[in-house]
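Notes for the structure review
The primary structure of each chain is shown beneath.
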Amino acid sequence: DIRKTVIVHSPDGKNVNNFNSNVILLQAKYTSFISTLHTIHIHLYIHTYTYTHILLRHLTTTSLNLYFRSITMLSRALPTATYSTYNDVIKEHTNTITRSVTTIRRRNNGYVCNRRVVGPVMAVKVDEQMKKSVVAVDMKEKRLADRLRMGSLTEDGLSYKERFIIRCYEVGINKTATVETIANLLQEVGGNHAQSVGFSTDGFATTTTMRKLNLIWVTSRMHIEIYRYPAWSDVVEIETWCQGEGRIGTRRDWIIKDHANGEVIGRATSKWVMMNSETRRLQKVNDDIRDEYLIFCPKTLRLAFPEENNSSLKKIAKLEDPADHSRLGLVPRRADLDMNKHVNNVTYIGWVLESIPQEVIDTHELQTITLDYRRECQHDDVVDSLTTSELPVGAVNGYANSGENLSQFLHLLRSSGDGLELNRGRTEWRKKPAKI
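What you are looking at is a predicted structure, and each value in this text was computed from that prediction instead of being measured. (Residues numbered from 1 in each chain as written. Predicted model: local features only at pLDDT ≥ 70, side-chain atom pairs only at ≥ 80, totals over all residues. Heavy atoms only, no water.)

Comments concerning the overall build of the chain
Helices and strands together make up the secondary structure of the chain, namely 11 helices and 16 strands. Each of the 436 residues in the chain was classed as buried or not, and the buried ones make up 43%. Contacts in the chain between residues far apart in sequence, at least 24 positions, make up 68% of those at least 6 positions apart. For the chain, the exposed area adds up to about 25,200 Å²; of that, 54% sits on carbon and sulfur atoms. (Helix = DSSP H or I, 4+ residues; strand = E, 2+ residues; numbered from the N terminus. Buried < 20%, exposed > 50% of the residue type's maximum accessible area, 1.4 Å probe, protein only. Contact = heavy atoms within 4.5 Å. Areas by Shrake-Rupley, 256 points an atom, 1.4 Å probe, with all protein chains shown as cover.)

Structure, rendered in structure tokens:
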């Protein structure tokens, strides 16, 4: 176009060759400039996405959405001509790698995001500063409850620890936490452990397969030993883990420590079985469900009570009428029902204690409680609580001789209407420490 203009304005042809030379030189310089600019743009673009890729390698699954949004925003900054040209040289063969709010597809050595190209990435060594910033980004993606909660998985990822402050409404007449408080904390930390590894909050930590089959976890046995009760404003640290328990269920153990000095002040273990939430019948744990949760369990057996012949293994004899003590006509409150639509397992502890004689409550404190759950209790059931002294050798009326400080009792919770057994239990009580 320039040469035509020159020729038109120079009919005699003078200076045409000079103009032609200048035009050719100008075109060469312009082409070189555009090429250099394009190269700088591509290099900057590649490095930008290189560091984005580093973040992706370290972000958890829950933070992928943030990564995808960043890719989208960065892609919008590209000139249309640049990414259109780049798309032309990329093979159209695609391989879907993941899906989220934004669709990401792998194309040869580049990523395509909503039809915009995300540049090829390189493997780069990650330094400690990068790791720290990745952790910070990951924390932002956590739910508010997770960030405020004083708990996390242990380093090996096979158990979970959480700290709790004992509140004023969680202590009883002894100015220490009640056994119901301890049991509720055990249940809480178990649920938080399950959430931290990705299990659902629907029905107390159900897996994907369990939800498809309408299955829920229910407690079949609970054993708690408390060596020292924490007081109001004390901080306790509870560690929990779960393991397989034959073909019919799973077990969960806990260790309770005083966070101030690391002293073990309690231990607990439990057994759980699966129940169909629609038929209310128990069901065996199939291999699919077992595979879903066993990957988060210790590979070797770990027990809160490793001692041989420990009291958590003892069978509980059925209490026969007439009982020494009883409390009849207990009615579940609406607040006693949990998300599984039956009376929560902690409520049974309170019912058992209702028939303990008052003189034991005044002079002793609960050291050990073991409960076997036989049937679930619904909101319209009426419950009787029965208690009888379990006489150890040399004891009288349930109280140990002068050389012992323990008192033992057998317990039975039954339906008032038909007499069906709901729960049987055993408790051990020690003398209260002398007041200073």
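From this point on, the discussion continues.
A short note on unusual backbone geometry
Between D321 and the following residue, P322, the backbone shows a cis peptide bond with an omega angle of -5°. Along the polypeptide, P322 turns up in the loop between α9 (287-294) and β12 (325-330). The phi dihedral of N214 is positive, around 60°, even though this residue is not glycine. Turning to its location among the elements, N214 is positioned in the loop between α8 (208-212) and β7 (215-226). At S233, a position not held by glycine, the phi torsion is positive, near 80°. When you line up the elements, S233 lands in the loop between β7 and β8 (235-245).

Regarding the side chain of T206
Note on placement: T206 falls in the loop between α7 (179-196) and α8. In this structure, T206 is in contact with F199, S200, R211, L215 and I216, ignoring residues within four places of it in sequence.

Focus: the pairing of strand β15 (residues 406-415)
In terms of residue burial, β15 counts as a mostly covered element, since eight of its 10 residues are buried. Note that strand β14 (residues 383-389) and β15 share seven bridges and pair antiparallel. Bridge pairing in β15 places S389 opposite F409. Sheet topology note: the β15/strand β16 (residues 421-431) ladder contains nine bridges and is antiparallel. Across the sheet, the residue bridging to S407 is W429, located in β16. Connecting β15 to the antiparallel partner β16 that follows it, the hairpin turn spans five residues, and G419 within it adopts a positive phi of roughly 75°. (Pairing = 2+ DSSP bridges.)

Some words on the packing of aromatic side chains
Tallied over the full model, the rule gives four aromatic pairs. Where W217 meets Y293, the ring centres are 5.9 Å apart and the plane angle is 85°; that geometry is what we call edge-to-face. Remark: Y293 occurs in helix α9 and W217 occurs in strand β7; sequence separation between them is 76 residues. The exposure class assigned to Y293 is buried, which follows from its relative accessible area of 2%. (Phe/Tyr/Trp six-rings, centres within 6.5 Å; stacked < 30°, edge-to-face > 60°.)

So, the confidence of the model for the chain
Per-residue confidence for the chain gives a mean pLDDT of 75, with 64% of residues at or over 70. Long-range and interchain partners of residues 1-10, a stretch whose pLDDT sits below 50, account for six contacts in this model, where long-range means more than four residues apart. Per-residue pLDDT stays below 50 along residues 53-140; that stretch engages in 129 contacts with residues further than four places along the chain or on separate chains. (pLDDT = per-residue confidence, 0-100.)

As for the side chain of H223
One can find H223 in strand β7. There is a polar contact of 2.6 Å between the side chain of H223 and the side chain of T370. Those residues within four positions of H223 in sequence are excluded, and the remaining contacts are R267, A268, T269, F305, S311, S312, T368, I369 and T370. (Polar contact = N/O pair within 3.5 Å; in protein donor to acceptor, adjacent residues only side chain to side chain.)

Section: the pairing of β7
Where burial is concerned, most of β7 is hidden: 11 out of the 12 residues are buried. Judged from the 11 bridges that link them, β7 and strand β10 (residues 264-276) form a sheet pairing that is antiparallel. Looking at β10, one finds that I216 is bridged to M275. The pairing of β7 with strand β13 (residues 364-373) spans five bridges and is antiparallel. Following the sheet pairing, H223 is matched in β13 by T370.

What about the pattern of salt bridges?
Scanning all chains against the criterion turns up 17 salt bridges. The partner of D321 in a salt bridge is R414, with the nearest N and O atoms 2.8 Å apart. Separated by 93 residues along the polypeptide, D321 in the loop between α9 and β12 and R414 in strand β15 bring together distant segments of the chain. Between R426 and E390 there is a salt bridge whose closest N-O contact spans 3.1 Å. Placement of the pair is R426 in strand β16 and E390 in the loop between β14 and β15, with a sequence separation of 36 residues. Residue R426 is classed as buried on the basis of its relative accessible area, which comes to 10%. Overlapping salt bridges bring together E245, R251, D253 and K271 as one network. (Salt bridge = Lys/Arg side-chain N within 4 Å of Asp/Glu carboxyl O.)

Considerations on α9
Every buried residue of α9 is accounted for by I289, R290 and Y293. Projected onto a plane normal to the axis of α9, the buried residues spread over an arc of 100° and lie on a single side. (Arc of directions from axis to C-beta.)

Considerations on the packing of α7 against helix α10 (residues 345-354)
Contact pair α7 / α10: the axes reach a minimum separation of 9 Å and the direction vectors enclose 165°. It follows that α7 is roughly antiparallel to α10 by the angle criterion. Between α7 and α10 lies a crossing whose hand is right-handed. Residue-level contacts link V179, E180, A183, N184 and Q187 of α7 to N345, V346, I349, G350 and L353 of α10. Among the residues making up the contact of α7 with α10, the classes are represented as five nonpolar, four polar and one charged. (Axes fitted to C-alpha atoms, helices over the stretch in contact; angles between N-to-C directions. Parallel < 35°, antiparallel > 145°, perpendicular 65-115°, else oblique. Left-handed = near helix turned anticlockwise from the far one by under 90°. Nonpolar A, V, L, I, M, F, W, Y, C, P; charged D, E, K, R; others polar.)

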